[in-house]
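Notes for the structure review
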Amino acid sequence: MATAAKKITLSPSRDIPFNKLVLSQSNVRRLKAGVSIEELAEDIARRGLLQGLSVRAVVNEAGVETGMFEIPAGGRRYRALELLVKQKRLTKTAPVPCVVREDGIAEEDSLAENVQRAPLHPLDQFRAFLSLREKGQSEEEIAASFFVSVNVVKQRLKLASVSPKVLEAYAEDSMTLDQLMAFTVSGDHERQEQVFERLQHSYDKQPYVIRRMLTEGAVRASDKRAQFIGIDAYVEAGGTVLRDLFEGDDGGWLQDVALVELMVAEKLKEEAATTEAEGWKWIEVAPDFAYGHSFGLRQLRGEPMPLTPAGEAARNALQAEFDRLSEQHQDADELPKEVDERLGELETALDALDARPLVFDPAEVARAGAFVSIAYDGHLRVERGLIRPEDELAMEPEKDLAGEEDEREVAASDDGENATIAGLDAPANERDEDDGLTPISDRLMTELTAYRTVGLRQALGEQPDMAFIAALHALTLKVFYHYGTDSCLELDLKGVSFGIQAPGLSDSAAAEAIRARHDDWAKALPKDPDGLWDALQAWDSNSRSALFAHVVSLSVNAVHEAWNRRPRALAHADRLAQAVALDMTAAGWRPTVDAFLGRVTKARILRAVAEAKGQRAADRIAHLKKGDMAAEAETLLACTAGCRSRSARKAAPPLT
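Residues numbered from 1 in each chain as written. Predicted model: local features only at pLDDT ≥ 70, side-chain atom pairs only at ≥ 80, totals over all residues. Heavy atoms only, no water.

1. Examining the packing of aromatic side chains
Convention followed: When two rings of Phe, Tyr or Trp (its six-membered ring) have centres within 6.5 Å they constitute a pair, described as stacked for plane angles under 30 degrees, edge-to-face for angles over 60, and tilted for the intermediate range. The numbering of helices and of strands both runs from the N terminus, where a helix is a DSSP run of H or I of at least 4 residues and a strand a run of E of at least 2. Note on exposure labels: buried denotes an accessible area under 20% of the residue type's maximum, exposed denotes more than 50%, and partly exposed covers the range between, all computed with a 1.4 Å probe on protein chains only. We call a charge positioned above a ring when the Lys NZ or Arg CZ atom is no farther than 6 Å from the ring centre and deviates by at most 35 degrees from the ring normal.
Counting across every chain of the model gives 6 aromatic pairs. Aromatic side chains Trp280 and Phe360 sit 5.3 Å apart centroid to centroid with 70 degrees between the ring planes, which places their arrangement in the edge-to-face category. Separated by 80 residues along the polypeptide, Trp280 in the loop between helix H13 (257–276) and strand S9 (282–285) and Phe360 in the loop between strand S12 (358–359) and helix H16 (362–365) bring together distant segments of the chain. Across the pair, exposure class does not vary: Trp280 and Phe360 are buried alike. Sitting above the plane of the Phe228 ring, Lys267 keeps its charged end 4.6 Å from the centroid. Stacked on the ring of Trp282, the Lys or Arg Arg388 has its end atom at 3.9 Å from the ring centre.

2. Observations concerning the pairing of strand S13 (residues 369–374)
Worth spelling out the cut-off: In this analysis, strands are considered paired if DSSP registers two or more bridges between them.
The buried fraction of S13 amounts to 6 of the 6 residues, a majority that puts the element mostly inside the structure. Because side chains alternate across S13, one face comprises the buried residues Gly369, Phe371 and Ser373, and the other comprises Ala370, Val372 and Ile374, equally buried. Alignment of S9 against S13, held across 4 bridges, turns out to be parallel. Across the sheet, the residue bridging to Glu284 is Phe371, located in S13.

3. Brief notes about the side chain of Ser163
Defined as follows: Contacts are assigned to residue pairs that have any heavy atoms within 4.5 Å of one another.
Looking at the secondary structure, you find Ser163 in the loop between helix H6 (150–159) and helix H7 (164–171). In this structure Ser163 comes out as buried when scored by relative accessible area, which is 0%. Once residues within four sequence positions are removed from consideration, Ser163 is found in contact with His189, Gln192 and Glu193.

4. Regarding the confidence of the model for the protein chain
The test is simple: Per residue, pLDDT captures the predictor's confidence, and it can take any value from 0 to 100.
Looking at the protein chain, the pLDDT average stands at 79 and 81% of residues meet or exceed 70. In this model residues 400–426 is a low-confidence stretch, pLDDT under 50, and it forms 20 contacts with partners more than four residues away in sequence or in other chains. Across residues 639–656, confidence stays below pLDDT 50; counting only partners more than four residues off in sequence or on other chains, it has 37 contacts.

5. A word on the pattern of salt bridges
Close approach of charged atoms allows side chains with opposite charge to pair. Formally: The salt bridge criterion pairs a side-chain nitrogen of Lys or Arg with a carboxyl oxygen of Asp or Glu, the two atoms within 4 Å.
Enumeration according to the criterion identifies 15 salt bridges in this entry. Across the pair Glu139 and Arg133 runs a salt bridge, and its minimum N-O distance is 3.9 Å. Take Arg133: its relative accessible area is 37%, and that puts it in the partly exposed class. The partner of Asp391 in a salt bridge is Lys281, with the nearest N and O atoms 2.6 Å apart. Of this pair, Asp391 sits in the loop between strand S14 (380–387) and strand S15 (410–411) while Lys281 sits in the loop between H13 and S9, and the two are 110 residues apart along the sequence.

6. A closer look at a nonpolar patch on the surface
Keep this limit in mind: Residues with no salt bridge and a relative accessible area higher than 30% make up the patches, which join like charges within 9 Å and nonpolar side chains (Val, Leu, Ile, Met, Phe, Trp, Tyr) within 5 Å. Computed with a 1.4 Å probe, the accessible areas rest on the Shrake-Rupley method; for each residue, only the protein chains presented here act as cover.
A cluster of nonpolar residues, Val556, Leu576, Val580 and Leu582, forms a patch on the protein surface that exposes about 330 Å² of accessible area. Its place among the elements puts Val580 in the loop between helix H22 (567–579) and helix H23 (602–613). The exposed category is assigned to Val580, whose relative accessible area is 54%.

7. What about the sheet that holds strand S7 (residues 241–242)?
Pairing in this open sheet of 3 strands is antiparallel, and the strands run S6-S8-S7 from one edge to the other. The open sheet terminates on both sides in strands that have one partner only, identified here as strand S6 (219–220) and S7. In this structure, S6 lies alongside strand S8 (residues 253–254), joined through 2 bridges in antiparallel fashion. Bridging from a neighbouring strand, Arg220 pairs with Trp253 of S8.

8. Looking at the side chain of Arg381
Inspection of the secondary structure puts Arg381 in strand S14. Under the relative-accessibility criterion, Arg381 is labelled buried at 12%. In this structure, Arg381 is in contact with Phe371, Val372, Ser373, Ile374, Ala375, Tyr376, Asp507, Glu512 and Arg515, ignoring residues within four places of it in sequence.

9. Overview of a negative patch on the surface
For the record, the criterion: Just so you know, the count uses Lys and Arg for positive and Asp and Glu for negative, and it drops His and the chain ends. Where a charge lies is defined by one atom per residue type: Lys uses NZ, Arg uses CZ, Asp uses CG and Glu uses CD.
Judged by side-chain charge, Asp333, Glu334, Glu338, Asp340, Glu341, Glu347 and Asp351 come together as a negatively charged surface patch. Relative to the helices and strands, Asp351 resides in helix H15 (residues 337–354). Assessed through its relative accessible area of 51%, Asp351 is described here as exposed.

10. Some remarks on the sheet that holds S14
The condition is simple: As a rule, the C-alpha atoms of each element are fitted with a line to give its axis, helices using only the stretch in contact, and angles between N-to-C directions run from 0 to 180 degrees.
With mixed pairing, the 4 strands of this open sheet are ordered in space as S9-S13-S14-S10. If you trace the sheet from one side to the other, it starts and ends with S9 and strand S10 (298–299), each paired once. H13 rests against S9, S13 and S14 of the sheet, and its axis sits at about 150 degrees to S13.

11. Some words on the nonpolar core
The nonpolar side chains of soluble globular proteins are, as a tendency, buried together. We count it as follows: By nonpolar core is meant a set of buried Ala, Val, Leu, Ile, Met, Phe, Trp, Tyr and Cys residues that side-chain atoms within 4.5 Å join together.
Among the nonpolar cores identified, the biggest contains 24 residues, and Phe126, Val166, Met175, Leu180, Phe183, Val195 and Ile210 are the most heavily contacted of them. Listing elements by their share of this core, those giving two or more residues are helix H4 (122–134), H7, helix H8 (177–182), helix H9 (189–199) and helix H10 (207–214). Excluding its chain neighbours within four sequence positions, the residues that come into contact with Ile210 are Gln179, Ala182, Phe183, Val195, Leu199 and Lys205. Core analysis: the next-biggest nonpolar cluster, separate from the first, contains 18 residues, Phe18, Phe69, Tyr78 and Cys98 among them.

12. Considering helix H1 (residues 37–47)
In plain terms, the rule: Note: the arc covers the axis-to-C-beta directions of the helix.
Burial in H1 covers these residues: Leu40, Ala41, Asp43 and Ile44. For H1, the arc enclosing every buried residue in end-on projection is 160 degrees, short of the 170-degree limit, so these residues lie on one face. When the buried face of H1 is taken as reference, the exposed residues oriented beyond 90 degrees from it are Glu38 and Arg46. Downstream of H1 by a residue or two, Gly48 has a phi angle that is positive, lying close to 85 degrees.

13. Structural notes on the packing of H9 against H10
Quick note on the threshold: To sort the angles, those under 35 degrees are grouped as roughly parallel, those over 145 as roughly antiparallel, those from 65 to 115 as roughly perpendicular, and the leftovers as oblique. Crossing handedness is read from the near helix: turned anticlockwise from the far helix by less than a right angle, it gives a left-handed crossing, and turned clockwise, a right-handed one. Following the grouping adopted for this structure description, the nonpolar residues are Ala, Val, Leu, Ile, Met, Phe, Trp, Tyr, Cys and Pro, the charged ones are Asp, Glu, Lys and Arg, and the polar ones are all others, Gly among them.
At a closest axis distance of 10 Å, the pairing of H9 and H10 adopts a crossing angle of 130 degrees. In this view, H9 runs oblique relative to H10, as classed from their interaxial angle. Considering how the two elements wind past one another, H9 and H10 form a crossing that is right-handed. Seen from H9, the contacting residues are Arg191, Gln192, Val195, Arg198 and Leu199; seen from H10, they are Ile210, Met213 and Leu214. Each residue belonging to the contact of H9 with H10 can be placed in one class, and the counts come to 5 nonpolar, 1 polar and 2 charged.

Spelled out as structure tokens, the structure:
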């Protein structure tokens, strides 16, 4: 005969006055976690006690109940009730729902209640917030009810709007919460599902990879075009911004690329009209120009607009205060905070006064033009005062060595013996030697200057410092003055212009540094080329060396050109790169799909990954198709802004 299963008897429940309850030493919770006591007290005050306390009767030494009850499980709820009593929001004798335990061990009760508790699945919380909002509660009300910030509620509601297919995968633990949050960048369910399918065949499923896939083709808010037109203006025009509520996104992504390009073109046109009104002969407008676009054009030297008497007085006062503060604290190890802040304010004010618009000669403005584009930081860039070779004025003939035009025509025979002066029949050797100075014959002049040239070579070869100045003078004339100048040193310096523009080259860190350095030198050099020699002699050796390095650097040409085979020159470029410790990541290059990985074979992609990350990393992506492999390789070789990783250098395209 079968034995009937023993029936379970549940512990009885009863209401016990609060002042008959005490905390038990058997409670296993010692560390604070979860909602604070204050927040829990507010929740109890609003909704009441949703879960009763587990208690045991307190007995004396004889085993007789004392009428008091200890709480092994529910200590945080007890403390919250205690806080309400202290705040006089709950009476001391208020009945508290309790389950009275008699069997087992108190520590087991406490441990079981804390360990066996199943936390609410995040997706259930997301859906609960959504349900409350649909029932009319605002985000602020939901946040107040659950003691979370409004931003947390917005984030949860954003998660609840992800594609049902993706949510289902998350509910089945097929993806992590961080991966699910990455899908909120885009609200397009179709796009989310496309990326989700693509992830099934991808090795790297990190959240940042998901975000990158979802924002392909969009314009980053940090892009100079977005900065130029302004995010607010773009949104006001009807544009959509994709945002990541969980990670820093630098302002998000502008999804309507066509609208961005239209707004950029319109704003550039307006800015160009203002520049054109200044009287320039030509204006070229584009969001970006190829690197070296001004090569071969002469740059006019404008003069800063003069300060008004009031402006001059203000500048003098600022400079005097700056000098006084600097002198007073020149021996201090650390400047006082207020002094440091004041010096910064003075520097900013002085820079603003010194950065005045340039004024150009109206006659030169009529022959010159300007390029209007967008700088790397989103500000308008106007390059004024550039003259094309065809717009240069014809050079006036130079005067002869005597410094005056001789009204008489002089003709010399090849041997110089029968020189004839127009209007005279007598041979030159029959003329009166005392008639005065006459032009030196070309042959004699050639002989004299030949001797002089040899003498200069010999003397210059024994004076390295002067040879350096002479070479620097000749090369600087080529770089900064272009036309109407020459040197007796037959040194030439050619600047390379790129037939094919590398994407982003003009805005790279290296290009910006070169542009700034060149502008600084242009301001330091004399406006008139005739004063260059004296200026260079007056400079110290460090200044001359720095200018020499800049000028010579502009002649570097390590560009591979299919029509111009130069294997030895490119090999020398490799050696020069080693000598100067060239770091391509510092120069602004990254091994991206567009810049390198998507334009080479799979074998080269795997080789780059293997050299940078190891063979195992390369093997993990070897099975992928070309496009996916390039994308995964970019992720593996990705380098945070400003870093100089070995991976990025290894992935740089070979120069030979």
